Amino acid sequence: MNLKENQADTAKSDPKPPMLIWVGGVAFRTLFLLVLIVVTARVASPQLEHLRSVHETPGDLIRVLLGLGVCTWFVVNLFILPKDAGAYRTWMYLGVAVVPLAVLCAFVVW
């Protein structure tokens, strides 16, 4: 197998996705993460619906702290875009099915 060095380099590099796939992938990924943030914030809210009542039960305090950590992690991941073209394609195709399902779950949880 005699591969030239430039052929090996071009096989490793992944071309940039077309603009439509990039925009669609970023849009579906952003919508999905935003829905996850909303659902997590709703589920992690205290049962008495007051943030100052968190200290009354340790279960509420733990739930709110975990929810805050998960929501923070989702927000950070909003700004970290995928590095390869395949990820944008995956979000574009998978997002068509996953985002409506996530919105439906958010509607049911609310």
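Here is what the cut-offs are and how they apply
- Residues numbered from 1 in each chain as written.
- Predicted model: local features only at pLDDT ≥ 70, side-chain atom pairs only at ≥ 80, totals over all residues.
- Heavy atoms only, no water.
- Helix = DSSP H or I, 4+ residues; strand = E, 2+ residues; numbered from the N terminus.
- Buried < 20%, exposed > 50% of the residue type's maximum accessible area, 1.4 Å probe, protein only.
- Areas by Shrake-Rupley, 256 points an atom, 1.4 Å probe, with all protein chains shown as cover.
- 1 Å grid on protein atoms, 1.4 Å probe; cavity = no way out; pocket = protein on both sides within 12 Å on 5 of 7 lines; lining within 4 Å.
- Points joined across faces, edges and corners; volume = space filled by probe spheres on them.
- Nonpolar A, V, L, I, M, F, W, Y, C, P; charged D, E, K, R; others polar.
- Patch = residues over 30% accessible without salt bridge, like charges linked within 9 Å, V, L, I, M, F, W, Y side chains within 5 Å.
- Salt bridge = Lys/Arg side-chain N within 4 Å of Asp/Glu carboxyl O.
- Axes fitted to C-alpha atoms, helices over the stretch in contact; angles between N-to-C directions.
- Parallel < 35°, antiparallel > 145°, perpendicular 65-115°, else oblique.
- Contact = heavy atoms within 4.5 Å.
- Expected span 1.5 Å × (residues − 1).
- Arc of directions from axis to C-beta.
- Core = buried A, V, L, I, M, F, W, Y, C linked by side-chain atoms within 4.5 Å.

A. Region of the structure containing the overall build of the protein chain. Along its length, the protein chain carries four helices and zero strands. Reading the helices (α) and strands (β) of the protein chain from amino to carboxyl end gives α-α-α-α. Taken over 110 residues, the protein chain has a buried fraction of 28%. Entry remark: accessible area of the protein chain is about 8,200 Å², with carbon and sulfur atoms responsible for 72%.

B. Representation of the layout of surface pockets in the model. Counted as a void, the largest pocket has a volume near 160 Å³. Lining the largest pocket are 11 residues, and of these P15, K16, P17, W22 and Y88 lie nearest its centre. Only helix 2 (19–44) and helix 4 (85–109) provide two or more residues apiece to the lining of the largest pocket. Here the lining of the largest pocket is composed, by residue class, of seven nonpolar, no polar and four charged.

C. Molecular detail of a nonpolar patch on the surface. There is a patch of nonpolar side chains on the surface, built from M19, W22, V23 and L81 and spanning about 370 Å² of accessible area. Residue V23 is classed as partly exposed on the basis of its relative accessible area of 42%.

D. Representation of the packing of helix 2 against helix 3 (residues 58–78) in the model. Here helix 2 crosses helix 3 at 170 degrees, and the two axes come no closer than 9 Å. By the angle between their directions, the pair helix 2 and helix 3 is classed as roughly antiparallel. Between helix 2, through R29, T30, L33, L34, L36, I37, T40, A41, V43 and A44, and helix 3, the contact on the second element is made entirely by R63, V64, G67, V70, C71, F74, V75, N77 and L78. Class assignment of the residues belonging to the contact of helix 2 with helix 3 gives a composition of 13 nonpolar, four polar and two charged.

E. Local environment of helix 3. The first and last C-alpha atoms of helix 3 sit 30 Å apart over 21 residues, in line with the 30 Å expected at 1.5 Å per residue. For helix 3, the full list of buried residues reads D60, V64, G67, C71, F74, N77 and L78. Mapping the buried residues of helix 3 onto a view down its axis gives an arc of 150 degrees, with all of them on the same face. The outward face of helix 3, more than 90 degrees from its buried face, is lined by the exposed residues P58, I62, L65, L66, L68 and W73. Tucked inside the fold, the buried residues of helix 3 contact helix 2.

F. Summary view of the environment of L61. Considering the arrangement of structural elements, one finds L61 in helix 3. For the pair L61 and S45, spaced 16 residues apart in the sequence, the C-alpha separation amounts to 9.4 Å.

G. Just the nonpolar core, in detail. F32, V35, V39, V99, A102 and A106 form the largest nonpolar core, which has six residues in total. Taken together, the elements giving at least two residues each to this core come down to helix 2 and helix 4. Those residues in contact with F32 that lie beyond four places of it in its chain are W91, V98, V99 and A102.

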